[in-house]
Amino acid sequence: VQLQASGGGLVQAGGFLRLSCVISGQTLRSYVVNWFRQAPGKEREFAAGIWRNSGYTSYEDSVKGRFTISRDNAKNTMYLQKNSLKPEDTAVYYCAADRNIIYSSMRHSRAYDYWGQGTPVTVSS
């Protein structure tokens, strides 16, 4: 399984970006997929996740109402729409996927075996 993330860049505060992550080697539908992020000098943290059938989503508190995670199983692609961006959203964003996820471990990076290479997002004030 390979993940390829894209869509990062430089944006002003209040702006928006849409990140994409294409999965190859397997079909997406059986995987739980997440976005994690790592700011400079900080540990990697959970940002948003979506369950296999898109019926359940989860967000880190600071991004609720601003970020929307979605998936298109037919295209083997997941997305993260990021609106009202803030300077504190500056980070490298990683997509992650795994089939063997239970609800209680969904937000934990160690539960995921498959990772994209990261796409950097910089939000200027």
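Just so it is clear, the structure is predicted and the values come from calculations on it, not from any experiment.

Peer 1: Explain the pattern of salt bridges to me, please; I cannot follow it from the model alone.
Peer 2: Once their charged atoms are close, side chains differing in charge can pair, the charge on each being opposite to the other. Under the counting rule described, the total for this entry stands at 5 salt bridges. Between Arg-37 and Glu-45 there is a salt bridge, with the nearest N and O atoms lying 2.8 Å from each other. The closest approach of N and O atoms between Asp-61 and Lys-64, which form a salt bridge, is 3.2 Å. Exposure remark for Asp-61: the relative accessible area of 58% places this residue in the exposed category. The network of salt bridges with common partners includes Arg-37, Glu-45, Glu-60, Arg-66 and Asp-89.

Peer 1: What's the story with the nonpolar core in this structure? I'm lost.
Peer 2: Across soluble globular proteins, nonpolar side chains show a tendency to be buried alongside one another. Core analysis: the largest hydrophobic core is formed by 27 residues, its most contacted members being Val-33, Trp-35, Ile-69, Leu-80 and Tyr-93. For this core, the secondary structure elements donating two or more residues are β1 (2-6), β3 (17-24), β4 (32-38), β5 (45-50), β7 (67-72), β8 (77-82), β9 (91-98) and β11 (119-124). Val-33 has contacts with Ile-23, Leu-28, Gly-49, Ile-50, Ile-69, Arg-71, Met-78, Ala-96 and Ala-97, leaving out every residue within four places of it along the chain.

Peer 1: Explain the side chain of Asn-76 to me, please; I cannot follow it from the model alone.
Peer 2: By the secondary structure assignment, Asn-76 is in the loop between β7 and β8. Among the residues examined, Asn-76 registers a relative accessible area of 16% and is labelled buried.

Peer 1: What is the right way to look at the pairing of β1 in this model?
Peer 2: It is a general feature of regular strands that their side chains alternate between the two faces of the sheet. On β1, burial follows the alternation: Leu-3 and Ala-5 on one face are buried, whereas Gln-2, Gln-4 and Ser-6 on the facing-out side are not. Across 5 bridges, the pairing between β1 and β3 is antiparallel. Across the sheet, Leu-3 pairs through a bridge with Ile-23, a residue of β3.

Peer 1: Would you take a moment to explain the environment of Gln-81 for this structure?
Peer 2: You can see Gln-81 is positioned in strand β8. In this structure the C-alpha to C-alpha distance between Gln-81 and Thr-68, which are 13 residues apart in sequence, comes to 5.1 Å. Here the side chain of Gln-81 touches Asn-83 through a polar contact of 2.9 Å, side chain to side chain.

Definitions and cut-offs
Residues numbered from 1 in each chain as written. Predicted model: local features only at pLDDT ≥ 70, side-chain atom pairs only at ≥ 80, totals over all residues. Heavy atoms only, no water. Salt bridge = Lys/Arg side-chain N within 4 Å of Asp/Glu carboxyl O. Buried < 20%, exposed > 50% of the residue type's maximum accessible area, 1.4 Å probe, protein only. Core = buried A, V, L, I, M, F, W, Y, C linked by side-chain atoms within 4.5 Å. Helix = DSSP H or I, 4+ residues; strand = E, 2+ residues; numbered from the N terminus. Contact = heavy atoms within 4.5 Å. Pairing = 2+ DSSP bridges. Polar contact = N/O pair within 3.5 Å; in protein donor to acceptor, adjacent residues only side chain to side chain.

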